Structure formats: structure tokens, C-alpha cells
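Here's the letter readout for the chains.
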Amino acid sequence: MTLHTGAAELVFDNVSKSYAGRDVAAVSSLTLEIPAGTFCVLVGPSGGGKTTALKMVNRLIPFDDGDIRIDGRSVRELPAAELRRGIGYVIQQGGLFPHMTVGENIAVVPKLVGWQRARIDERTSELLELVGLEQADAARYPAQLSGGQRQRVGLARALAVDPPLLLMDEPFGALDPITRARLQAELRRLHREVRKTVIFVTHDIDEAIMMGDRIAILREGGVLAQYDTPDAILAHPADDFVSQFIGEDRALRRLALRTLADVELTPGSGTNSSVRVSSRTTVRNAVSLLLESDADHLVVENDDGTTRGVFRWHDAAELL
Amino acid sequence: MIVAGAFTGAFGFIAHNPGFLATKALELLELAGAALLVAAVVALPAGIVLGHLHRGSTVAIGSSIVGRALPSLVLIGVFLTVLGIGFVNNMAALAVLATGPMLTNAFEGIDRVEQDLVGAARGLGMTGWQVLTRIELPLALPLIFTGIRISAVTVVATAPIAAVAGGGGLGDVIVNQASYRLTGVLGASICVMALSAGVYLALVGVQRAVTPRGLRVTMVPEVQRGKESV
Amino acid sequence: MTRFASGPVIPNFGQGSSCVRGDHTFCWDWVRSHWSDTLAPALVQHLELVAIAIAIGFVIAFALALFTHRAHAFDQPIGVFSALLYTVPSLALFQLLVPFTGITTTTVEVALVAYTLVVLYPNISAGLRSPPPDVIEAARGMGLTPRQILWRVELPLAVPAIIAGLRIAVVSTISIATIAAFLLPKGLGYPIFVALGAPTPFKTEIYSAGALAIGLALVCDTLLLLLRRILVPWASPRVA
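Computed from a predicted model, the values in this text were never measured in an experiment.

K.L.:
Hey, could you run me through the interface of chain B and chain C in this one?
P.N.:
Across the contact, 43 residues belong to chain B and 37 residues belong to chain C. When residues of the side of chain B that touches chain C are traced back to their parent elements, those giving at least two are α1 (2-16), α3 (57-69), α4 (72-83), α7 (128-158), α8 (171-174) and α9 (177-210) of chain B. Ranked by the residues each element gives to the side of chain B that touches chain C, the list is headed by α9 of chain B, at 12 residues. Of the residues contributing to the side of chain B that touches chain C, the split by class is 31 nonpolar, 10 polar and two charged.

So this is what it looks like as C-alpha cells:
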């Protein structure tokens, strides 16, 4: 079996699936092109078919019509088990094997594809560091780890043979908000480092906006409502369903996607009593600060302390 | 064929000696019943109380383990030497055998009642005794009855062996092949089996009658589904 | 009082020390002098009976469990059959088998195997089903074939349940095997019978054979417990 490093392009070509006895299809003529290296989020309400669509990629759920292609090859070409070894898969509850140590869990697929012991050990070390765990954790059992740690192991395990494609099914759903936020940030960082193609399923639009390079919104019946960058979706929702789904505060959410460094500031340095903020502050937080303080402007500083400019209300509006 | 002959003979024996077998069966049930009663009087309250207090699990669970390791024949032999021949020694031996399952199951039944429910009951203002009688006991009934059933079947199954120590009952026939021939022995064995099954079914019936309706309704098993409803 | 009237009563109290003649509670001299001709052979025979029954019973139970693991339809009937078999008293079962296999070791073994099966099959079956669904899904999603999932995930995770079943089966079989003495002069039950059949039941023989049987059961139980500790390191660690 050939291993690619790097990332794969994933294409859904008119894929459909229905279950017998139900009027609404699970997935309807889904067509989606996901370029290599993209972090693509599938989001939508329950019944929208997003998990189904995900599981059709590694054939845990068979599809009725259409095709799914990875780097041009149909997923139906290879035997299922072989296909899956080349795709990373992370699920919500982790699914770590309780009878194996962390190290042994990570080593499952490498052993299946015949790696040597030395290579497996090296890779395990590498992965533990990558996902933010200690080397000593390799000898521990899942029962000894916290929920957040287990999800990190799940991620490491999925990345073990360096697959070009990673499938993640609501991986942070079962975690408390603090751990979830931390892992979300780390996954973003990881993706910037290791540019693989990731398909990430969630029902949480905020998570989608935060994580995704591209977002695919699926409505009930597995119909694609919109597929675009977060900013584009927020700026121009395709229809009422999408507007409702992303929420009435979409303008504010758009502001959360930019920092003050992206804004064209008014030249100036304010007064001595002005509130000063870093250029890394998101525009949304800056607006919030403006509301809080009584001022009509904020002074924006660079990291080194030099003044960058002054931020006023209408500077925010310009962005939109 | 020998087999067919033996079994027809066995049924013939039963058909020809109904009164005798009935008397013997009753003797056996008397012995078994007495043993079960004595054991129940000790084991059930103990198990229930320990379970309610969540104490003494080693004893409660250990009693079954130890009980299993005590061969019935050994118990009968020992009690014979200590208490002489007759009814009491066998009843005592069988009672020892019957204690384990009832103690363990009563303990586990009460101990395992969801603590959330107990907490809710306490929160409503129930005393310990009320919690025990209104919440824990009804919920623990299935397990308690299982324990009683296991003990009952064990005792009925072991009682024939007591015949060697003066226990009487159907065992008298089974161990006495010289007098009753194979057909008699087989016939009595079939009767013991029937008794055993009968006791089992009777207790299942009692359990059903005593279980609160809410618990009797079977739950439709939840099919494991992912987040998606599809 | 009913006498145990079948089988020879071998008067093996020998020359009888004063202890024996007086039938004191326990005579060590008797134990010492009759260890090799009465107690030890009985112990060995007992072990043999049990070992064969467990070995055969385990193999059959295991095969059956693997079979119903894939073919769920058979689960119910086998379960019901096991429950029925459970209610059959051991002595009755022995006797019922006699027309088929005579008064031989085979009869005893068939019955012992049957009782072993009744305990082992449900335990192995439940053990195979114990992994939580997300573990199995992850395994499938990672690319393990059904056979690989069986050998690398389901079976290892079934070990605790299997050993629990073995503990119960071994101890019960040791206990039931004493009844075999009703049929054959074998096992630790036999000396007890002999002693019960004497004009005055001979205490020492009963106690020593009994102690051996109980001791054997406890030793086996402990050994299996140790085995479990060795095989299942992942069940003991406490959550961080």
C-alpha cells in the first residue's frame, strides 16, 4: 500500500444515500470539491447527513449513487480495510482500546501495514510531541487519562501512518468547554504545521467558523446549502436557512474573524487618557471595548509598543 | 435398545408408584424448604442491611465464593458427624449451601440501586428506612429473587444426596440401586428434575407477581446511534 | 436411617490406633498412614476428573461463543438450554446418563462438562460483547478487518469475563465431582462415602477428604485470580 505524505484532494460527486422506509434522504446529490490541504468543516442541524457524508468517505456507510474520489481514485477501488488504513479517523468518544497502552494504541495501524519496531517508536515519540502529550504517557492506559488527553491520543493514533486525509466526527463534543477551546486552538495550530486535508464534522456553527478554511452547510435531507469560506458565508448567506443557522449576529461574527492589524486605521496617536490595545485584538473585541469605555476611539499598538493608529466606530463598518 | 428400555421402565416405575414417590417428594421438599427458610431468615436481612449501608461487601460477595467451594457432600458429612443422623443435620448442611447466593444477591441488588435515586429520595425527605422499603427494595427485587431462585434450585438439587445421612426423600431411592433397580433410580431422578424445574418456575411466577408494574414493562432496547438521526 | 447400600465398603481404618477406635474428632496418625493409599490417589483422581471436564467444557463453550457471536439467532435457544440444564441436580444427571454411557468415567465427564458449559458459555459470550460500541467503530474505521477486530480487540477485552467464568466453573466442578463417588470409586467423594457407610461414621476421613476438596477449590480460585492479574494489567490502574 502506498503511503503519501502531504495531503489529498477529496471530491464528492453527486453522492446520494437513502435508508429504506424513510421519505427524507440521508444525503442528496452532494457535490463538493475539497482541495488538498483544506480544513473543511461539515456543519448543520441533526439529520443533515453530515456524519453520514463523513462515514461514506471511508465506507463505514455505503453510498447508493455517485462517487467519492480521493486524489482522483474512487474509494470503491480498494478493499475497505486497506482504504481505511490510509485515512485517519477520529470519533467523539475516542474509541481508544482500553486494553492497550497509549503507545500500543498509536502503533495499531503501523503494525498492520508492517512498519519496523524502530520506526514505530520514533513515530510515536514524534506524534506525542505533536499533539502535546508527554513521552511518559506512551506507557499509560486510557483509563488513566483525562478526556482531553484521550482525544489527543485519538488524534495521534489517526495520524500514525501520516495519512493524506483525516476524518473527524465531532471529536470535541464530549469535552468541557475549556478543554474544548484549548484543543480547538491546538488543532488549528497543528493544521498550520501539517497541512493535511481534514474533514471535520460539527453541529456547532461557532466551532465551524473558528476551525474551517471552508465550511459546507448541510440542511436536513443531506442537501448542500452553501459551501464557501467562513467570511463569505457570513457576508452573503445563500438563503434563509443559512442566515438562520449562522444567526442574526453574523456581522459581529465576521468581525471576530479579523484583528485590528487588518483594519485601515486613522492616523493619529490619541490622547493621554486613551485606551490602548494590541493590534492582535479581534475587531469584535475592539468594538466591545469601545462600547464598554466611554471613548469614541482606541489607540492601536504594535507588539513592540509603537503606535499603529487610531480605531473608531466607522473603521469597523468599513471592514464589512 | 438399552436406553429406551431403561427410560420406559423409569416411567413405568413412576406410573406404578405414584403415592410412594409423592411421599418421598414431599419429604424432599420439606427438607429443602426448611433449609431455604433458615438460610433466608439469616441471609436476606443481612444482605439487605449491608447493601443499604454499603458495607461489608467482602463478606457478602465472599460468601458466595466460599459457598461454591464447599462440596455438598463434604458439608453433609461434616454436619452428620457433628449433629448426628436425621433431619436437623441435613437441614443445617443445606442451609449453609443456600446462604451464599441469597446473601450476595440481596447485597448486590440493594447496593447497586442508582445512587441518584437514593439521593433524590433523601432530598424529598425520606428517612433511611423509607428509602429502603419504598425505593431500594422494590428496585432490588429482581436480583433478590434471582438469589432465592438459585438457592432454592441448589437446595432441591442437593437434597437427594442427603439421603446418605438420613435425609430421606427421593434421594433414598436414587442411592439405593440395589433395592430399586436402575428403573427406580431413573424414575426418582426424573422426579427430582421435575421438582427442581417446578420450583424454579414457581419462583419465577412469584417474582412476576410481586414486581411493581413499572419495572415489569420491558424497555425497548435503544439502538446505538451517532449524533445524526440517520 | 438409610444406608448407602451400593458399592463395597472397604474397611480401611486398618489396625486402628486408640484415636481411631475411639473415633476422636481428628486423628493425624490415620491421615499420615493412609495418605498414600487413600487420600492422595483420591486427590489425583479428583484433579483428573476436573481437569478433563474443564478442558473439554472450555473448548466447546469457546467454540459456541465464537459461533453465536456472529450468528446471533442462536443466542436465545442456547441460553434457554443452559438455564434448563442448570436446574438438573447433579446426582440425577449422572443417573440419567447411565443408560447411555454406563457406569463409567465417561458418564461422569459428560455431566461435568455439561455443568462447565452452563457457566462458561454465557461468560465468554458476554465477554466478547463487552467492548463499548465506539471502540469497535474506531477499530473498523482504522482499517481492521473483522477477524483482526476479533483477535486484537474483542478477545483481549473478553479475558476478564472468561477468567471470571473459569473461576466459577472450576470451583463448582471441583464441588460437583465429589458426587461422582455415587457412581464410581473415584475422587475425593469416595473416601467420604466409605466413611459415612461405616457403623459409626468415621470423622477423620470425612474431614480430611473434605478439607482437601475445599483446599483444592480455594487454591485453584487463587491461581486463577493471579492469572487474571497477569493477563489484565489494564483493568487495575486507577484513573489519573
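K.L.:
I would appreciate a short explanation of the pairing of strand β10 (residues 223-228) of chain A in the present structure.
P.N.:
On a regular strand, one side chain projects to one face of the sheet and the next to the other, so that they alternate. Residue and element names in this part refer to chain A. Bridge count between strand β9 (residues 214-219) and β10: five bridges; the pairing is antiparallel. When the bridges of β10 are listed, I215 appears paired with D228. Once β9 ends, the chain turns through three residues before running back antiparallel as β10, passing G221 with a positive phi of about 95°.

K.L.:
Can you help me understand the confidence of the model for chain B in this one?
P.N.:
Detailed reading of predicted coordinates is not advised where the pLDDT is low. Residue and element names in this part refer to chain B. Of the residues in chain B, 91% have a pLDDT of 70 or more, and the chain-wide mean is 83. The spread of mean pLDDT over the elements of chain B runs between helix α10 (residues 213-216), the lowest at 67, and helix α2 (residues 18-53), the highest at 92. Here residues 218-230 is a poorly scored stretch, pLDDT under 50, and it has 19 contacts once near neighbours within four places are set aside; other chains count.

K.L.:
Can you walk me through the nonpolar core in this structure?
P.N.:
Considering soluble globular proteins, one finds that nonpolar side chains tend to be buried as a cluster. Counting residues in each nonpolar core, the largest one holds 207 residues, and the members touching the most others are I199 of chain A together with A35, L94 and V155 of chain B. Excluding its chain neighbours within four sequence positions, the residues that come into contact with A35 of chain B are M91, L94, A95, A98 and V155 of chain B.

K.L.:
Before we go on, may I ask you to explain the packing of helix α2 (residues 28-70) of chain C against helix α7 (residues 146-177) of chain C in this structure?
P.N.:
Packed helix pairs are specified by the crossing angle of their axes together with the interaxial distance, meaning the distance between the axes. Residues and elements named next belong to chain C. Running from N to C, α2 and α7 point in directions that differ by 135°, and their axes come no closer than 10 Å. Taken together, the axes of α2 and α7 are oblique relative to one another. Crossing handedness for the pair α2 and α7: right-handed. Contacts from H46, L49, V50, A53, I54 and G57 of α2 reach α7 at A169, V170, T173, I174 and A177.

K.L.:
For this particular structure, what's the right way to read α7 of chain B?
P.N.:
Because an α-helix packs 3.6 residues into every turn, residues spaced three or four apart end up facing the same way. Under the 1.5 Å per step criterion, the end-to-end length of α7 of chain B is only 38 Å for 31 residues, more than 12% shorter than the ideal 45 Å. At L141 of chain B, α7 of chain B is bent by approximately 55°, the largest bend along its length, and proline P142 of chain B sits one to four residues beyond.

K.L.:
Any chance you could explain α2 of chain B here in plain terms?
P.N.:
End to end, α2 of chain B covers 50 Å across 36 residues, agreeing with the expected 52 Å (1.5 Å per residue, within 8%). H54 of chain B sits one or two positions beyond α2 of chain B and adopts a positive phi of about 55°.

K.L.:
Mind showing me how you'd approach the environment of I48 of chain B here?
P.N.:
All names here are of chain B. Looking at where I48 falls in the secondary structure, it is placed in helix α2. A tally of 22 C-beta atoms within 10 Å means that I48 is categorised as buried. Measuring from C-alpha to C-alpha, the distance between I48 and N105 comes to 9.1 Å, with 57 residues separating the pair along the chain. The contact partners of I48, leaving out residues within four places of it in the chain, are A106 and I110.

Calculation notes
Residues numbered from 1 in each chain as written. Chains lettered and ligands numbered in written order. Predicted model: local features only at pLDDT ≥ 70, side-chain atom pairs only at ≥ 80, totals over all residues. Contact = placed C-beta atoms within 7 Å. Helix = DSSP H or I, 4+ residues; strand = E, 2+ residues; numbered from the N terminus. Nonpolar A, V, L, I, M, F, W, Y, C, P; charged D, E, K, R; others polar. Pairing = 2+ DSSP bridges. pLDDT = per-residue confidence, 0-100. Core = buried A, V, L, I, M, F, W, Y, C linked by C-beta atoms within 7 Å. Buried ≥ 20, exposed ≤ 12 C-beta atoms within 10 Å, placed from the backbone. Axes fitted to C-alpha atoms, helices over the stretch in contact; angles between N-to-C directions. Parallel < 35°, antiparallel > 145°, perpendicular 65-115°, else oblique. Left-handed = near helix turned anticlockwise from the far one by under 90°. Expected span 1.5 Å × (residues − 1). Bend = angle between axes of the 7 residues up to and from the residue.

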